[in-house]
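Commentary on secondary and tertiary structure
Single-letter residue listing:
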Amino acid sequence: MKCQHQVVVAFVVFVLTLNHVQGENISLSPSTQDIEIFGNLTDKQIPALNLYHFGQKSYYIGDVFKGNFFKAEQFCRFHGMNLVTINSEEENDFLEKKITERGDGLNHFWISGTKLPDVNEWIWFTTGRHITYFNWNSGEPNNAKKDEYCIEMRVVKRKVKWNDIDCWQDFNFICEFTWTKDCIKLLKDIQHRSNISNIIDVGVKLPEMN
């Protein structure tokens with residue numbers, strides 16, 4: 001995700017949050033391009049953007065439509081993000097907490113794990129790297145239908161576990177982007193130029209950089 005796009009996303013979050021703090025309810029209707037590409041958004045409004053931050057990443061838990069693995073990745077990329085990669089128990093626990101806190105009944109989420117294209121090894125589709133951390137549900141992966149080459153996160157008794165499944169199921173999804181030092185510097189510069197003294201207080205917390 002380019003810095004400029006990340007900063008626009010974060011700044012939109014700020015504006016929406018600020019208006020909410022001031023008592024104005026705001027929702028964003030789907031753009032023309034959204035409707036053309038993701039037609040099943042036409043009967044819904046996209047809610048105010050809600051990003052969750054952990055380490056150097058920000059996450060969007062997608063709930064505006066369900067799509068197959070590739071449609072979910074397309075949606076994330078269209079908005080300057082990618083399907084989430086989960087690299088540690090701490091990161092998985094963070095997402096589990098956010099998903100279960102929502103309490104909106106969403107139970108299945110695409111992440112970017114897959115065995116495509118060679119169906120031999122699990123990799124992250126968005127980075128091409130081998131998966132080194134797993135959080136499989138009991139008995140998984142089992143390739144029960146002989147074509148289960150993608151990974152979904154599912155809520156099992158308020159715990160988030162992974163399951164291998166065919167890539168064509170329609171699920172919700174989680175998008176992410178990673179903040180770099182250059183992106184954070186650019187956002188801070190925009191804050192300064194816009195006379196925004198404390199963006200953190202109104203809902204946009206910048207990830208800490210080591």
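Residues numbered from 1 in each chain as written. Predicted model: local features only at pLDDT ≥ 70, side-chain atom pairs only at ≥ 80, totals over all residues. Heavy atoms only, no water.

Topic: the state of the cysteines
Across all of its chains, the model carries two disulfides by this definition. A sulfur-sulfur separation of 2.0 Å characterises the disulfide bridge that pairs Cys76 with Cys175. One disulfide, between Cys76 and Cys175, carries an S-S torsion of -75° and so falls in the left-handed class. Of this pair, Cys76 sits in helix H3 (residues 69-78) while Cys175 sits in strand E8 (residues 171-178); the two residues are 99 residues apart in sequence, bridging distant segments of the chain. (Disulfide = S-S within 2.5 Å. Helix = DSSP H or I, 4+ residues; strand = E, 2+ residues; numbered from the N terminus.)

Observations regarding a nonpolar patch on the surface
On the surface, a cluster of nonpolar side chains totalling about 320 Å² of accessible area is made up of Phe70, Phe125 and Trp168. By secondary structure assignment, the location of Phe70 is in helix H3. Using a relative accessible area of 30% as the deciding quantity, one classes Phe70 as partly exposed. (Patch = residues over 30% accessible without salt bridge, like charges linked within 9 Å, V, L, I, M, F, W, Y side chains within 5 Å. Areas by Shrake-Rupley, 256 points an atom, 1.4 Å probe, with all protein chains shown as cover. Salt bridge = Lys/Arg side-chain N within 4 Å of Asp/Glu carboxyl O. Buried < 20%, exposed > 50% of the residue type's maximum accessible area, 1.4 Å probe, protein only.)

Points about H3
Within H3 the residues assigned to the buried category are Phe69, Ala72, Glu73, Phe75 and Cys76. Down the axis, H3 shows its buried residues gathered within 155° of arc, on one side only. Contacts made by the buried residues of H3 are with strand E2 (57-67), strand E3 (82-83), strand E4 (108-114), strand E6 (150-156) and E8. Of the residues that open H3, the one with a side-chain oxygen 3.0 Å from the backbone nitrogen of Phe70 is Asn68. Two residues or fewer past H3, Gly80 is found with a positive phi of approximately 80°. (Arc of directions from axis to C-beta. Contact = heavy atoms within 4.5 Å. Polar contact = N/O pair within 3.5 Å; in protein donor to acceptor, adjacent residues only side chain to side chain.)

A look at the confidence of the model for the protein chain
For the protein chain, per-residue confidence averages 77 on the pLDDT scale, and residues scoring 70 or more make up 65% of the total. No element of the protein chain has a lower mean pLDDT than helix H1 (residues 3-21), which averages 48, and none a higher one than strand E5 (residues 123-124), which averages 98. Note that residues 41-47 has pLDDT below 50 and, in this model, 20 contacts with residues that lie over four places away or in other chains. Long-range and interchain partners of residues 197-204, a stretch whose pLDDT sits below 50, account for twelve contacts in this model, where long-range means more than four residues apart. (pLDDT = per-residue confidence, 0-100.)

Thoughts on the side chain of Thr114
Secondary-structure assignment places Thr114 in strand E4. Among the polar contacts listed, one links the side chain of Thr114 to the backbone nitrogen of Leu116, at a separation of 3.0 Å. Only 2.8 Å separates the side chain of Thr114 from the backbone oxygen of Tyr149, close enough to count as a polar contact. Look past the residues within four positions of Thr114 in its chain and what remains in contact with it is Phe69, Glu121, Trp122, Ile123, Phe125, Tyr149 and Cys150.

Overview of the pairing of E8
Counting buried residues in E8 gives seven out of eight residues, a clear majority hidden from the surface. With two bridges joining them, E3 and E8 adopt antiparallel strand pairing. Counted as the bridge partner of Asn82 is Glu176 from E8. As defined by bridge partners, E4 adjoins E8 across two bridges and the pair is classed as parallel. (Pairing = 2+ DSSP bridges.)

A look at helix H4 (residues 89-102)
The end-to-end C-alpha distance of H4, which contains 14 residues, comes to 20 Å, matching closely the 20 Å that a straight helix rising 1.5 Å per residue would cover. Every buried residue belonging to H4 is among Glu91, Asn92, Phe94, Leu95, Glu96, Lys98, Ile99 and Thr100, and all of these are buried. Gly103 sits one or two residues past H4 and shows a positive phi near 60°. (Expected span 1.5 Å × (residues − 1).)

Section: the pattern of salt bridges
For the coordinates displayed, the defined rule picks out eight salt bridges. For Glu73, the salt bridge identified is with Arg77, shortest N-O distance 2.5 Å. In this pair, Glu73 and Arg77 are both assigned in helix H3, four residues apart and thus about one turn of the helix distant. In this structure, the salt-bridge partner of Lys98 is Glu101, at a minimum N-O distance of 3.8 Å. Placement of the pair is Lys98 and Glu101 together in helix H4, with a separation of three residues, close to one helical turn. Accessibility expressed as a relative area gives 49% for Glu101, which makes it partly exposed. The structure contains a network of salt bridges with shared partners spanning Lys57, Glu91 and Glu176.

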